[in-house]
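Results of the structural survey
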Amino acid sequence: METYDVGLGCVEITPPVGTPLAGNFRDDYASRGVYAPLCSRTVVIRRSDTALAIISNDLLTVPDKLVRLVRQGISSRCGLKPDCIMVSAIHTHSGPAVEAIADEADGEKIQDMVIPGIIESCVQALDACKPMRLWAAAGKAEGVCFNRRLKLTDGQTLMNWTRPPSDTIDRPLGPVDTEIGILAAGQTSENPSLVLANLALHPAILAGDNWMMGTDWAGYYYDSIHKVFGPNTQAMFLQGAEGNVNHIDARDTQQGRGFKEAQRVGSVVGLSVVDALRDARLVSGPIKSSSLTVSVPPREITPEQLAWAGSVVDATDNSPAGTVDGISDVVFAQDQIEMAGRADPFELEIQVFRIGQVAIVAFPGEFFVEYALEIKAQSPAEQTLVVGLANGSVGYVPTSNAFAEGGYEPTSWRFGKLDPKAGNICAATAIEQLKMLFTDKTDHQRPMV
Ligand SMILES: [Zn+2]
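These lines cover the structure that appears in this document, whether it is placed above or below.

Rules behind the numbers
Within each chain, residues carry numbers counting from 1 in the order of the written sequence. Only residues with pLDDT of at least 70 are given local features in this predicted model, and only at 80 or more are side-chain atom pairs given and counted; all residues enter the totals for whole chains, interfaces and linings. Only hydrogens and water are set aside; all other atoms, that is, all heavy atoms of the structure, feed into the side-chain values. The rule is short: rings of Phe, Tyr and Trp, with Trp giving its six-membered ring, pair when the centres are within 6.5 Å, and they are stacked under 30 degrees, edge-to-face over 60, tilted in between. The rule is simple: take the accessible area with a 1.4 Å probe, protein chains only, and divide by the maximum for that residue type; under 20% is buried, over 50% is exposed, in between is partly exposed. A ring has a charge above it when a Lys NZ or an Arg CZ is no more than 6 Å from the ring centre and no more than 35 degrees off the ring normal. The donor set covers N, O and S atoms within 2.8 Å of the metal, switching to 3.2 Å for Na, K and Ca, and it leaves out water, so a site may look short of donors. What counts as a helix is a DSSP run of H or I of at least four residues, what counts as a strand is a run of E of at least two, and both are numbered from the N terminus. When DSSP finds two or more bridges between a pair of strands, those strands are recorded as paired. Angular values range over 0 to 180 degrees, each being the angle between N-to-C directions of two axes fitted as lines to C-alpha atoms, with helices fitted over their stretch in contact. Should any heavy atoms of two residues lie within 4.5 Å, those residues are counted as being in contact.

Throughout the structure, instances matching the rule amount to 12 aromatic pairs. For the ring pair Trp413 and Phe415, a centre distance of 5.3 Å and an interplane angle of 80 degrees mean the geometry is edge-to-face. Neither Trp413 nor Phe415 differs from the other in exposure class; each is buried. Taken together through their ring pairs, the aromatic side chains of Trp161, Phe332, Tyr396, Tyr408, Trp413 and Phe415 make up a single cluster. A cation sits over an aromatic face here: Arg32 above Trp211, 4.4 Å from the ring centre. Directly above the ring of Tyr4 sits Arg47, whose terminal nitrogen or CZ lies 4.0 Å from the centroid.

The following block contains the structure:
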């Protein structure tokens, strides 16, 4: 029976209470408590001279500098190649402000608090490597994923968190991807040491009226895995292309927010993962990695936008009000004025891992789910996981249609700064690498059993 060397690591990285929160626009950012510990979790998969590390952090994003320092730290301590290390965030909206959303939050200071723990979780995993089998499975997340962009009957584009009356809604402006990509490792699939799940779904159920740090719905997914398999099984989550997907069912006027809803969503995901593992297929074949960097031009700010931005800033005093969801216009306006002068392109890393017949594609931002569906359709792998918020933080990457439709994500600001072509450039690079990693005819022809 085919085995890999697999190691697991998990280190708590919750910063002290009082650390500014990320994920929402607030009048005051200081966290008031912790409802679930934040951790950095790693799985290392090794065979012959190749080792891959997949690190999932209970954070909102992983900014470029954090990724660089984590990779440097790991490489210098254990020689793992930087481009074989995937550093990702689950995108919890109740994480600490590793990336300043407002000036008062100094993101880099908070990054310094979590970096040692992230490095430690990977070193732990490397030290713990021992022979294990790997399994792949695909679950279905029913009733929890919704495209958050709505087309109203009057033609307007509106976000689902604004809760328009249901008789004014024409349709969602895009798809969702209910597939949960699953990898498990251990001696038997009934009693796994690792359960790793990948799904495109915003952990933003607890909104800007929550003042505590935690893991949103993902924490309840971890809990479900522990309840079924025991506390020693490591549950991991890799966020998908969640840019336009959240949990809000715009037609359900009774649906609440808060911990009860987070528990419902996390438990649905956890139980579908457990169900899917009954049909898990053994993974065999080589492990490989590839990483390419692409240049993407900055978003153009038109003279009309600049005029709008100037008038909004002139009409507002300097302290925009916090919002439970979404961002106030003056924040967009201030950012657009700042963006207008930029000419330098952004460098985006697109990383692809091959683990036997399974592929993992990692994108550095909040990609629209359409890109994941397209990559899965074109991938030569038997199963493809598409991970967002990994190896960098470039903000939203909408489809070109979305720019014509409007709405929140295509708006230009610090989390919407790339040229509209960015998504297509990145998807093409991912598909090219997938084909390259899977054209080796020698050993990938055996189907999963
Ligand atoms: Zn988000």
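Looking at the zinc ion, one finds its protein donor set to be His91 (NE2), His93 (NE2) and His202 (NE2), positioned 2.1 to 2.3 Å from the metal centre. Within one chain, the residues serving as donors to the zinc ion are arranged as H-x1-H-x108-H. One end of the pair, His93, is in the loop between strand S5 (85-89) and helix H2 (107-127); the other, His202, is in the loop between strand S12 (194-199) and strand S13 (212-213), and 109 residues separate them in sequence.

If you trace the 4 strands from one edge of the open sheet to the other, you get S17-S18-S19-S21, paired in mixed fashion. Looking along the sheet, the strands with just one partner apiece sit at the ends: strand S17 (287-296) and strand S21 (383-387). Sheet twist, expressed as the mean angle between neighbouring strand axes with direction ignored, is 15 degrees. Pairing between S17 and strand S18 (residues 346-355): 10 bridges, direction antiparallel. Bridging across to S18, Ser291 finds its partner in Gln351. Contacts between helix H7 (residues 369-378) and the sheet are confined to strand S19 (358-362) and S21, with S21 contributing the most and set at about 155 degrees to the helix.

By themselves, these are just geometric observations and shouldn't be taken as functional.
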